[in-house]
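Per-entry structural report
The chain contents come next:
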Amino acid sequence: MMNVKFLTSNLHNAKVDVIAIPCFEDEKSNQYVSLLGAAFADEYKRLRKTKAFSAKKATVHSLSSLAKLKANTILLVGFGKEKELHNESLRRAVSTAHMAAKRAKASSYLSLLNQVSLPDTAFTVTEAALLTDYSFDAYKSKNGKKDTKIKTLYLWNSAKKANIAESKQIKKAQILASSTNYARDLVNTPPNDLYPELLAKEAKKLKAANCKVTVFDEKALKRMGCNAILAVGKGSVRKPRLVIVDYKPKGAKKSLAIVGKGITFDSGGLNIKPGSYMETMKCDMSGAACALSVVKAAKALGVKHRIIAVVAAAENMPGGLSYRPDDVIKTYSGKTIEIGNTDAEGRVVLSDALAFTEKNIKPDQIIDLATLTGSCVIALGYWPTGMMTTNDLMAERVHQAGERTGDRVWRLPLWEDYKDSMNSDIADVKNISKGRDSGTITAAIFLQHFVEKTPWVHLDIAATAFLKESQFYKPKGGTGAGVRLLVEYIGAM
Ligand code: BES
Ligand code: ZN
Ligand code: ZN
């Protein structure tokens, strides 16, 4: 991981390759450019006057230092209007600067972006830079790994004294970024190398004195009556698992269970997906990756609440033993599910996981995360996660955590009006609705049958967990959606 340190130095003498300076569209003058000397101040004035650089949001203009500084390059980083400055515009500016520093082949750079007037900028800049720095190259042979790496990011410290509070911010940002990047790695790992048994093995790495890991294999699941998880996994030679990671610090009073959909590959099963839809379906365990990563972060941060990750892991494949449309399954809760479509498998595994969580773990709150419906992509696009709940207080708090972290959510209704959408003629509930309307909500209505009384939020991360195009500090591929959101939520719990 890239190092992050403070640097107290005259800008001329800073031994770095690149210096990044914040610039506002509506600024009167730029104090940092002025510190570089009159020649740079004049050049900056010219650039602004000719509009060669207008400091619009997330733009960057590169200047040669002409050997007047130790650094080779100065990056002028646009922030847009000063009054529109908030944490997300800072994160985006940081990612823009970081990518420009990479393009300039910098092995170190000094960022003055922590100088903008927002609280906790050392945290925000460090986190955004580490998130932007992520790349998944575990599967590239040596020659393919030539991509230049930035070794050190320096945050400018004009105060000339090491500040303990700021150093703590760096530490916290490193934990959040590495936990998010861990989720990204799990999501990006190809499905031939990450099937349910291996996901369980990964979870076991979280074991510690205050963190118990329990893995239920197919025999245990049979004994327990987790027939829904078993049914989804039947078509695959890779057998399903239910994994519980219970982080329970001494004196914990409140508890939150995070239930994650862990379909390590979703072919659709007998209702097989057409090729282009099947591509990227290794991402169907993103909910599970998030649950594990939040516990990892909670441990590292020493969170004082009990946090339990519950992972329902299975591979959804067609085969002679596959579950079928028309099957009826008796779930762990005792309720029966009529299968209408084997590709609506996420809700099926979650039915057991949610009921198990409520009955055995008895947490104060449950939040589930699942790449559950293609409809969520249609409804909201790739920016927010879909949120459904009947608990307004939890909804508000999750929403606020989203606004603070940039890991945003948008609520969809879970009204009584939709209640009958998943009715079955022969079982208690059916895993598909009659029409193609409101698919994200009807999936949540299905899940609602399996949470009886615990305050519960459902997060549909189908659009946000895996991207075709990067969004600033969120890369192409696995994004770690939900990790920073839930750590922030827990912080305010
Ligand atoms: N894993 C998919 C949902 C999905 C789609 C996730 C795109 C990420 C990107 C899920 O299991 C699924 O196939 N859902 C079906 C449900 C339908 C059969 C009712 C869907 O959304 O089409
Ligand atoms: Zn599916
Ligand atoms: Zn799925």
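Just so you know, these numbers come straight off a predicted model, no measurement behind them. (Residues numbered from 1 in each chain as written. Chains lettered and ligands numbered in written order. Predicted model: local features only at pLDDT ≥ 70, side-chain atom pairs only at ≥ 80, totals over all residues. Heavy atoms only, no water.)

1. Side note on the layout of surface pockets
- Approximately 1,400 Å³ is the volume attributed to the largest pocket.
- Lining the largest pocket are 37 residues; nearest its centre among them are Lys 273, Tyr 277, Thr 373, Gly 374 and Ser 375.
- Mapped onto the lining of the largest pocket, the elements with two or more residues apiece are β9 (255-266), α9 (275-278), α11 (346-361), α12 (374-380) and α14 (439-448).
- Among the residues forming the lining of the largest pocket, the class breakdown is 13 nonpolar, 12 polar and 12 charged.
- Of the pockets and cavities examined, the second largest pocket occupies roughly 560 Å³.
- Taken together, 23 residues form the lining of the second largest pocket, with Asp 120, Phe 123, Lys 172, Leu 176 and Glu 488 sitting closest to its centre.
- Mapped by element, the contributors of at least two residues to the lining of the second largest pocket are α3 (87-103), α4 (121-132), α5 (164-188), α13 (392-405) and α15 (483-491).
- Broken down by element, the residue count for the lining of the second largest pocket peaks at 5 residues, all from α15.
- Classifying every residue of the lining of the second largest pocket by side-chain character gives 8 nonpolar, 6 polar and 9 charged. (1 Å grid on protein atoms, 1.4 Å probe; cavity = no way out; pocket = protein on both sides within 12 Å on 5 of 7 lines; lining within 4 Å. Points joined across faces, edges and corners; volume = space filled by probe spheres on them. Helix = DSSP H or I, 4+ residues; strand = E, 2+ residues; numbered from the N terminus. Nonpolar A, V, L, I, M, F, W, Y, C, P; charged D, E, K, R; others polar.)

2. Describing the sheet that holds strand β11 (residues 328-330)
- The sheet built from 3 strands is open, its strands ordered β11-β12-β16 with mixed pairing. Taken across any chain shown, the strands that pair with only one partner, and hence form the sheet edges, are β11 and β16 (429-430).
- Judged from the 3 bridges that link them, β11 and strand β12 (residues 336-338) form a sheet pairing that is antiparallel. Note on β12: the bridge partner recorded for Ile 329 is Ile 337. (Pairing = 2+ DSSP bridges.)

3. Overview of the site of ligand 1
- Of all residues adjacent to ligand 1, which total 15 residues, the nearest are Lys 273, Asp 284, Asp 343, Glu 345 and Gly 374.
- Here Glu 345 contributes a side-chain N or O atom positioned 2.9 Å from an oxygen atom of ligand 1.
- Between ligand 1 and Thr 371, the relevant distance is 3.3 Å, taken from a nitrogen atom to a main-chain nitrogen or oxygen of the residue.
- Taken atom by atom, the bulk of ligand 1 overlaps the largest pocket.
- The residue makeup of the shell around ligand 1, split by class, is 4 nonpolar, 4 polar and 7 charged. (Near = heavy atom within 4 Å. Polar contact = N/O pair within 3.5 Å; in protein donor to acceptor, adjacent residues only side chain to side chain. Sits in = over half its atoms within 2 Å of the grid points.)

4. Regarding the coordination of the zinc ion (ligand 2)
- Within the protein, the zinc ion (ligand 2) binds to Asp 266 (OD), Asp 343 (O), Asp 343 (OD) and Glu 345 (OE); these donor distances fall in the range 2.0 to 2.2 Å.
- The site at the zinc ion (ligand 2) holds 6 donor atoms, and with the angles between them running 71 to 169°, its shape is irregular.
- Distance-wise, the zinc ion (ligand 3) is placed 3.2 Å from the zinc ion (ligand 2), both being coordinated by Asp 266. Residue Asp 266 is located in strand β9, and its partner Glu 345 is located in the loop between β12 and α11; the two are separated by 79 residues in the primary sequence.
- Overall, the relative accessible area of 3% leaves Asp 266 in the buried class. (Donors = N, O, S within 2.8 Å, 3.2 Å for Na, K, Ca; no water. Tetrahedral: all angles 85-135°; square planar, octahedral: opposite > 155°, others 65-115°. Buried < 20%, exposed > 50% of the residue type's maximum accessible area, 1.4 Å probe, protein only.)

5. Overview of helix α6 (residues 196-204)
- For α6, the complete set of buried residues consists of Pro 196, Leu 199, Ala 200, Glu 202 and Ala 203. All buried residues of α6 project into a common sector of 155° when viewed along the axis, lining one side.
- Structurally, α6 contributes buried residues whose contacts are with α5, β7 (211-216), β8 (241-247), β9, α10 (286-301) and β10 (306-316). (Arc of directions from axis to C-beta. Contact = heavy atoms within 4.5 Å.)

6. Description of the coordination of the zinc ion (ligand 3)
- In the first shell of the zinc ion (ligand 3), the protein supplies Lys 261 (NZ), Asp 266 (OD), Asp 284 (OD) and Glu 345 (OE), at 2.0 to 2.4 Å from the metal.
- If you look at the zinc ion (ligand 3), its 6 donor atoms make angles of 78 to 174° with each other, and the shape they trace is octahedral.
- Of note, the donors binding the zinc ion (ligand 3) are all from one chain and are spaced K-x4-D-x17-D-x60-E.
- On the accessibility criterion, Lys 261 (2% relative accessible area) is buried.

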